[in-house]
Each structure stands twice: as structure tokens, then as C-alpha cells.
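Chain and residue survey
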Amino acid sequence: DAVLTPAKVSAAGFVEGAANRVPLAAIYNQYNRCEVDPFFDSASRDVQSLLRPLYITSWLIDDFFSDNADFGATHLLLSSASSKTAYGTAFAMHQRSVGKTTVVGLTSEKNRAFCESLGCYNQVLSYEELGQIDAATACAYVDFAGNLALRQAIHQRFANLRYSCSIGATHVTELGSSKGLPGPKPTLFFAPAQIKKRVGDWGGAEFTSRIVASWQTFVAQVTNPVSPWLSVQRHEGHEAALQAYTDVVRGEGDPRVGHVIVL
């Protein structure tokens, strides 16, 4: 159970008003009513719970790069390419920049086939194949992995690295300092800042309209019955939940599977 302190209650929803959450960005305290939520579709509840928060981040990453003309890069390198936030970002980038930039997915060898099957990466390379990209290439790096060794390899190889963006850390045991790296300083992407900017640029209604339209296109692709990107598995009870969690932590999960836990 969760005990909330609703504030700014309206027909659209409310804001969590607990004192300890007040300093957080507004988006992290927002609760929306499904009946009036433009994102919500009762037919895709599981997909929304698995992908909606991630795809909003993905869309904002792409929008940030679009807003900055991809920092002049011709190749956009995305690590942890089989992760849902990464392939959501690749989807948005590919939709926006077909023929303009090359979206490269960096992944483990075991996840290569999955990443290639998505069709949103122009090129998929294992982490060991980074050398297949010419060292003079104008690149931007979007780091979902948080792998220090990979970050070092990219910064050291590409003298024309235009931007280095840090998103998350799927490789939590391999985090490390970026101090002393050549090239641009790795910069943490802060989604609420891009939301604030775009709402200021476009207004709230237009911002929502654009992101909802992209979300609907993404969901249609992800749930395409002919070749779905995501297969939902539901797990009921504590034992089933523990097993699913353990498989994911061990790296034994299938990137095409999304787990929904019911306790």
C-alpha cells in the first residue's frame, strides 16, 4: 500500500504533496486519471506499465538530439541496444532522421540477433566490434550501459566525438569515473529539463500531442502481431516474482520479454 498526500486535485489527476517529494521535478509527482489520460488505452495496460515511462525518456532523448541538430554527428552510438529505453530511442531517432544519420546499436553478441530484428538500428555491432567504425567518424554517444571500459574505448577511439550523453547504468558493477577522458565531458541527460524547455517552446497541449502521437506509433510497432518486439509474461505470487527477478539480474532474460508481476 502507498499513503499519498494529494495536492492540486483536478479532473485530470493530482500531485503528490508529501513534503519529502516537493523538491523533485514535477513529472515525478504527477498522478493522472486514466479516463482523461491521452496516453491511456485499456487494451494495452501491460505494455503501458512496461514501456510508457521508458518511451517518454526515449522520445525526450531523441528530441534533445533533434533540438541540437545531433551535435553535428553522422553516427549516433547507443549502448545496451537491447534495452527497452535504448531501442525506444533508436526507434524515435530512426523515424526522425532516415537517411540523415546512422543509428548504431552496441550490444552483447547474444543479443545481436534481437537488435537486428527490430529494424530501428542502421547497424548493430557487438561491443568488441567498435573498431569497424572509422576512427575519424563524427559520432555522438548515448550511454545506457554505464560501462566505464566502453565509455573509455569510445572516447579514446573517436577524436571527432561530438557529444557524450549519460542516461543510465545497465552495467552497474562497471561504473567508474569519467575523469581524464579525452573529448567532450559525459553529460547526464535530465528528462525534466527537456520537458520544461519544450513546454516553453510549444505549450503544454502541443507537447502532449506530439509525444502521444509518437507513443501510439511506437506501441503499434512493438505489438505488431506479425513480428512483435515485446512479449508480455505475467507472474503471480512471490515465488514466481523472485524467479523472474533472479533471471533478469543474472542476465538470463530474453530482451523480447516484458515481465508483469502480480502479488
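See the structure above.
The following paragraphs examine the structure supplied in this document. (Residues numbered from 1 in each chain as written. Predicted model: local features only at pLDDT ≥ 70, side-chain atom pairs only at ≥ 80, totals over all residues. Heavy atoms only, no water.)

**Here's the deal with the nonpolar core**
Formed by 47 residues in total, the largest nonpolar core has its most connected members in Leu51, Phe65, Leu78, Tyr87, Tyr121 and Phe218. Mapped onto this core, the elements with two or more residues apiece are helix H1 (45-67), strand E4 (75-78), helix H2 (84-96), helix H3 (112-118), strand E7 (139-143), strand E8 (161-166), helix H5 (191-202) and helix H6 (204-222). Per-element tally for this core: the top contributor is H1, with 10 residues. Not counting residues up to four positions away in its chain, the partners in contact with Leu51 are Lys84, Tyr87, Trp215, Phe218, Val222 and Leu230. Core analysis: the second largest hydrophobic core is formed by 12 residues, Leu77, Leu125, Cys139 and Tyr141 among them. (Core = buried A, V, L, I, M, F, W, Y, C linked by side-chain atoms within 4.5 Å. Buried < 20%, exposed > 50% of the residue type's maximum accessible area, 1.4 Å probe, protein only. Helix = DSSP H or I, 4+ residues; strand = E, 2+ residues; numbered from the N terminus. Contact = heavy atoms within 4.5 Å.)

**Some thoughts on the packing of H1 against H5**
At a minimum axis separation of 10 Å, H1 and H5 run at an interaxial angle of 60 degrees. Comparing their axes, H5 and H1 come out oblique. With respect to the hand of their crossing, H1 and H5 are arranged in left-handed fashion. Judged by residue contacts, Trp59, Leu60, Asp63, Phe64 and Asp67 of H1 engage Ala191, Gln194, Ile195, Lys197, Arg198 and Trp202 from H5. Residue composition of the contact of H1 with H5, grouped by class: six nonpolar, one polar and four charged. (Axes fitted to C-alpha atoms, helices over the stretch in contact; angles between N-to-C directions. Parallel < 35°, antiparallel > 145°, perpendicular 65-115°, else oblique. Left-handed = near helix turned anticlockwise from the far one by under 90°. Nonpolar A, V, L, I, M, F, W, Y, C, P; charged D, E, K, R; others polar.)

**Side note on the layout of surface pockets**
One number sums up the size of the largest pocket: a volume of about 1400 Å³. Those elements giving two or more residues to the lining of the largest pocket turn out to be strand E1 (6-10), strand E2 (13-16), strand E3 (30-32), H1, H5 and H6. A per-element tally of the lining of the largest pocket places H1 first, with seven residues. Here the lining of the largest pocket is built from residues that sort into 25 nonpolar, nine polar and six charged. (1 Å grid on protein atoms, 1.4 Å probe; cavity = no way out; pocket = protein on both sides within 12 Å on 5 of 7 lines; lining within 4 Å. Points joined across faces, edges and corners; volume = space filled by probe spheres on them.)

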